[in-house]
Amino acid sequence: MADDIVVELNEHFGSADKELPADMLAELLSIMRLHELSAQDVFFKWESYCIKMDRDELEVSLSSLRAFKQDLQDALERTNRSQPHIKTEKRVAATPRSANKAGDVFGMLDALTTPGPGRSVKSAAARRRQHDTPAVSRLKAEPASSPLKLEDRLNAMGAIPSSSFADRQNPGEVVEILNDHLPAPEPPIAPFSESRVKLTAASDQKKLGYKPLAMKLSEASEILDDRIDDFMNWIMEHHKLDDSAFGSAVAQGTTEIVAVGRIASDSAEGMLNAASLVLEMSRRMGAGLRVPLKLDRLPGYQFFPGQIVAVRGVNTSGSDFTVHEVLSTPLLPNAASAPAVLEAHREKLRGSPDAMDADTEPMPLNIIFASGPYTADDNLDFEPLHAICNEAADTYADALVFTGPFIDSEHPLIASGDFDLPDEALYEPDAATMSTVFKYMISPALNRIVAANPHVTVLLVPSVRDVLDKHVSWPQDAFSRKELGLHKAVKIIGNPMTLSINETVVGISSQDALWELRHEELVGGKPADPSLLSRVSRYLIEQRHYFPLFPPADRQKLPKTGTADGVPPGAMLDVSYLKLGEMVNVRPDVLVVPSALPPFAKVVESVLVINPGYLSKRRGAGTYARMTLYPPKTSQAEVGSGGMMAHKVFERARVEITRI
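Just so you know, these numbers come straight off a predicted model, no measurement behind them.

Participant: I'd love a proper account of the overall build of the chain, names of residues and values included.
Facilitator: Helix and strand counts for the chain stand at 17 helices and 24 strands. Counting only carbon and sulfur atoms, one obtains 52% of the accessible surface of the chain, whose full area is about 32500 Å².

What follows is the structure, given as structure tokens:
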């Protein structure tokens, strides 16, 4: 048993070619004993600790494990202190404890006593707050005659103290590289004379302009049912099964069948677990009923609420369905183009017909991906945004993809409404809107890129946390560019969006599906993919959807924000239009999914998945991703053949995750 635990710890915390040292194993085993946790639970808590401490990597060291152990112990002590203790013994004429506060035994006179020389008065609650995560309290209105300074307002709200952006650690450091065998090219000495990017939309953006907050239950249930029936048809075709092989998992019988349904939990509260796991059938196949799943015969499994699965098994008792096998889900085909089309895109990379010799290799495409928030909690200076725009201008990037939030509804100053516009802003105070804020705080940085490189392409993707966007649900329409003062080279698209940048099919969604999938999934035994980041990315590709989780995670469980209650808005799903969140026709070559999980770039099922991280964290600078895409190579024979060629972007793209 001990050997199995050590093997499992090495799988979670060790690297592919190196096992954990004995001292680190001892620390992990000590944590398991002290807190009665399994190896997997310890790993989950370790990931949460890394996110909380703003660690961009999950590498384990002895010192970090000891700090992690101390953090768990501190959290346990705080929990114990917050719980009421009931004493059963009867005390008679108990003598009050002596105190150093002139008789203030219970800390009730803290606010009334006068500190002596060299002493400061701090209440017991204040002393506890020194060691706890700051709680956010609502900003109280102050008299107009005594306005608060910015620092005072933030302190009143309990915002996390931020360090100066200029004093950030290791700016420009590359923390991860994918395909480091591909060279990092030197930037051009001058911008190209014409755009090297051709955009083609694959998603129908007009459909995203639906009326939000008008969902009908009948329409929502039909959308959920249709998704199960669609998967059943795909699985039938992929596995070459006859229609008679399928049945209802709810119906009692002794014949083995294949049942297709949605993973759900029979408990309204708590995490999905093996005891609460049920399969929800469609109305056509199982009258919309649910049945518990028994997973004892499976060597390993990985499920999450909302996942559409095909399971082979039998329901002999009529009360539960025993699963013998989970059938693989067919994937969308790889993106491909005709060789002549690839050759045309290759020539476009030259910048102009006379820019280069026809025999020389065109320069690779330079694309930057970044995600909001774009400023820290203690200011609205948007310094990280200005920094990345300067970097894009200096390196003459061909395209920039920025995902929201841009003006974050969860920013403490935006939420309180107590902030000033720049001195150079010209506006009527009574007529100012959030469009005015965007125009004077964000648009100048974006327009500066276009001024430096007139043929750059800038794409903005909204977020459900954007104050500017009146479309509050997901899938989400683009916000209006009216009154924003943006250059015409800056384009605003929907969320999610599938489009082509030259030949490359790019899927983009600002919704943090990865974090929610990570915290809602159920993993047992030995899963098919032990790597967390690859596994949650694969869920999106297998389910053919940018947000396959249903229902979404409870807002109370999401990462805290800087507002008074600290609770983010959540996924904001409009179930009637979830079909607009599906991937279109083919697997994207590049999938951009910003998340609170550590930033990464991985190849999953021939898809290059990029999480650029957040450009600004609540109390410090964040990261972004730069993709250097080398041109496709075609031969004369391939161009003349007229067949289709896979793009294979994952082989010719160098991706760098970089600190801003």
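What follows picks up the thread again.
Participant: Go over the sheet that holds strand E7 (residues 308-314) with me, naming the residues and quoting the values.
Facilitator: With respect to topology, five strands assemble into a closed barrel ordered E3-E4-E5-E8-E7, the strand pairing being mixed. Taken pair by pair, the neighbouring strands of this sheet meet at an average axis angle of 60°, ignoring direction.

Participant: Report on the environment of serine 63, specifying residues and quantitative values.
Facilitator: Here serine 63 shows up in helix H4 (residues 62-82). Residue serine 63 is classed as exposed on the basis of its relative accessible area, which comes to 55%. Along the primary structure serine 63 and methionine 24 are separated by 39 residues, whereas in three dimensions their C-alpha atoms are 9.2 Å apart.

Participant: I'd like a description of the sheet that holds strand E24 (residues 653-659), backed by residues and values.
Facilitator: Taken together, the seven strands give an open sheet; going across it, the order is E1-E24-E22-E10-E11-E12-E13, and neighbouring strands pair in mixed fashion. Across the chains shown, the open sheet's two edge strands, defined by having one partner strand only, are strand E1 (174-178) and strand E13 (490-492). For this sheet, the mean angle separating the axes of adjacent strands, direction not counted, is 15°. Of the pairings in the sheet, the one linking strand E11 (residues 399-403) to strand E12 (residues 457-461) comprises five bridges and is parallel in character. Counterpart to valine 401 in the pairing with E12 is leucine 459.

Participant: Before we move on, can you summarise the packing of aromatic side chains with the specific residues and values?
Facilitator: Within the structure shown, the criterion is met by 13 aromatic pairs. Across from the ring centre of phenylalanine 165, 3.9 Å away, lies the NZ or CZ of arginine 168, which sits over that ring. It is arginine 544 that lies over the ring of tryptophan 234; its NZ or CZ is 4.0 Å from the centre.

Participant: So, helix H9 (residues 339-348): which residues are in play, and what are the values?
Facilitator: Turning to H9, its buried residues are Pro339, Leu342, His345 and Arg346. Buried residues in H9, looked at end-on, bunch into an arc of 120°, giving them a common side.

Participant: So what's going on with the pattern of salt bridges? Residues and values would help.
Facilitator: A side chain of one charge can pair with a side chain of the opposite charge when the charged atoms of the two come close. Enumeration according to the criterion identifies 22 salt bridges in this entry. A salt bridge links arginine 196 to aspartate 398; the nearest nitrogen and oxygen atoms lie 2.7 Å apart. With arginine 196 in the loop between E1 and strand E2 (199-201) and aspartate 398 in the loop between helix H10 (383-395) and E11, this pair connects stretches of sequence that are 202 residues apart. Like aspartate 398, arginine 196 is buried.

Participant: Lay out the pairing of strand E14 (residues 497-501) in plain terms, naming residues and giving numbers.
Facilitator: With respect to burial, E14 is a largely interior element, five of its five residues being buried. Burial of E14 is two-sided: the residues Met497, Leu499 and Ile501 facing one way and the residues Thr498 and Ser500 facing the other way are all buried. Of the pairings in the sheet, the one linking E14 to strand E15 (residues 504-508) comprises five bridges and is antiparallel in character. In the strand pairing of E15, methionine 497 is matched with isoleucine 508. The loop that links E14 with its antiparallel partner E15 comprises two residues; one of these, asparagine 502, has a positive phi angle of about 60°.

Participant: Residues and numbers for the nonpolar core, please.
Facilitator: The biggest cluster of nonpolar side chains holds 44 residues, and the ones touching the most others in it are Leu385, Ile388, Leu400, Phe402, Phe438, Ile442 and Leu460. Of all the secondary structure elements, the ones that give two or more residues to this core are strand E10 (365-371), H10, E11, helix H11 (412-416), helix H12 (434-441), helix H13 (443-452), E12 and E13. If you tally residues by element for this core, the top one is H10, at five residues. Beyond its immediate sequence surroundings of up to four residues, phenylalanine 438 is in contact with Phe406, Ile407, Ser443, Leu460, Leu468, Phe479, Leu484 and Leu486.

Participant: I'd love a proper account of the packing of H10 against H13, names of residues and values included.
Facilitator: Remark: H10 packs on H13, axes separated minimally by 9 Å, with the N-to-C direction vectors making an angle of 10°. As summarised for this structure, H10 and H13 are arranged roughly parallel, according to the angle between their axes. Counting all contacts with H10, which are made through Leu385, His386, Cys389, Asn390, Ala392 and Ala393, the residues of H13 involved are Ala445, Leu446, Arg448, Ile449 and Ala452. Partitioning the contact of H10 with H13 into residue classes produces eight nonpolar, two polar and one charged.

Participant: Summarise the side chain of histidine 545; cite the residues concerned and give the values.
Facilitator: One can find histidine 545 in the loop between helix H15 (532-543) and strand E17 (590-592). Not counting residues up to four positions away in its chain, the partners in contact with histidine 545 are Arg227, Trp474, Leu540, Leu578, Gly581, Glu582 and Met583.

Participant: Tell me about the confidence of the model for the chain, and please be specific about residues and values.
Facilitator: Residues at a pLDDT of 70 or more form 83% of the chain, whose mean pLDDT is 82. Below a pLDDT of 50 lies the segment residues 86-148, which in the model reaches 45 contacts outside its immediate sequence neighbourhood of four places, other chains included.

Participant: Let's hear about the environment of lysine 52: which residues, and what values?
Facilitator: Within the secondary structure, lysine 52 is located in helix H3 (residues 39-52). With a relative accessible area of 38%, lysine 52 lands in the partly exposed category. In this structure lysine 52 touches Asp71 and Arg619, once residues within four positions along its chain are discounted.

Participant: Provide a residue-level description of the packing of helix H14 (residues 513-520) against H15, including the pertinent values.
Facilitator: Packed helix pairs are characterised by how far apart their axes lie and by the angle those axes make with each other. Two numbers describe how H14 lies on H15: the axes approach to 9 Å, and their chain directions differ by 110°. Our classification of the angle between H14 and H15 gives roughly perpendicular. For the pair H14 and H15, contact is made by Ala513, Leu514, Leu517 and Arg518 and by Leu532, Val536, Ser537, Tyr539 and Leu540, respectively. Class assignment of the residues belonging to the contact of H14 with H15 gives a composition of seven nonpolar, one polar and one charged.

Participant: So, the side chain of asparagine 315: which residues are in play, and what are the values?
Facilitator: Inspection of the secondary structure assignment puts asparagine 315 in the loop between E7 and strand E8 (321-327). Asparagine 315 sits in the buried class, given a relative accessible area of 2%. One polar contact links the side chain of asparagine 315 to the main-chain carbonyl oxygen of alanine 249, over a distance of 2.9 Å. One polar contact links the side chain of asparagine 315 to the main-chain carbonyl oxygen of valine 250, over a distance of 3.2 Å.

Conventions we followed
Residues numbered from 1 in each chain as written. Predicted model: local features only at pLDDT ≥ 70, side-chain atom pairs only at ≥ 80, totals over all residues. Heavy atoms only, no water. Helix = DSSP H or I, 4+ residues; strand = E, 2+ residues; numbered from the N terminus. Areas by Shrake-Rupley, 256 points an atom, 1.4 Å probe, with all protein chains shown as cover. Pairing = 2+ DSSP bridges. Axes fitted to C-alpha atoms, helices over the stretch in contact; angles between N-to-C directions. Buried < 20%, exposed > 50% of the residue type's maximum accessible area, 1.4 Å probe, protein only. Phe/Tyr/Trp six-rings, centres within 6.5 Å; stacked < 30°, edge-to-face > 60°. Lys NZ or Arg CZ within 6 Å of the ring centre and 35° of its normal. Arc of directions from axis to C-beta. Salt bridge = Lys/Arg side-chain N within 4 Å of Asp/Glu carboxyl O. Core = buried A, V, L, I, M, F, W, Y, C linked by side-chain atoms within 4.5 Å. Contact = heavy atoms within 4.5 Å. Parallel < 35°, antiparallel > 145°, perpendicular 65-115°, else oblique. Nonpolar A, V, L, I, M, F, W, Y, C, P; charged D, E, K, R; others polar. pLDDT = per-residue confidence, 0-100. Polar contact = N/O pair within 3.5 Å; in protein donor to acceptor, adjacent residues only side chain to side chain.

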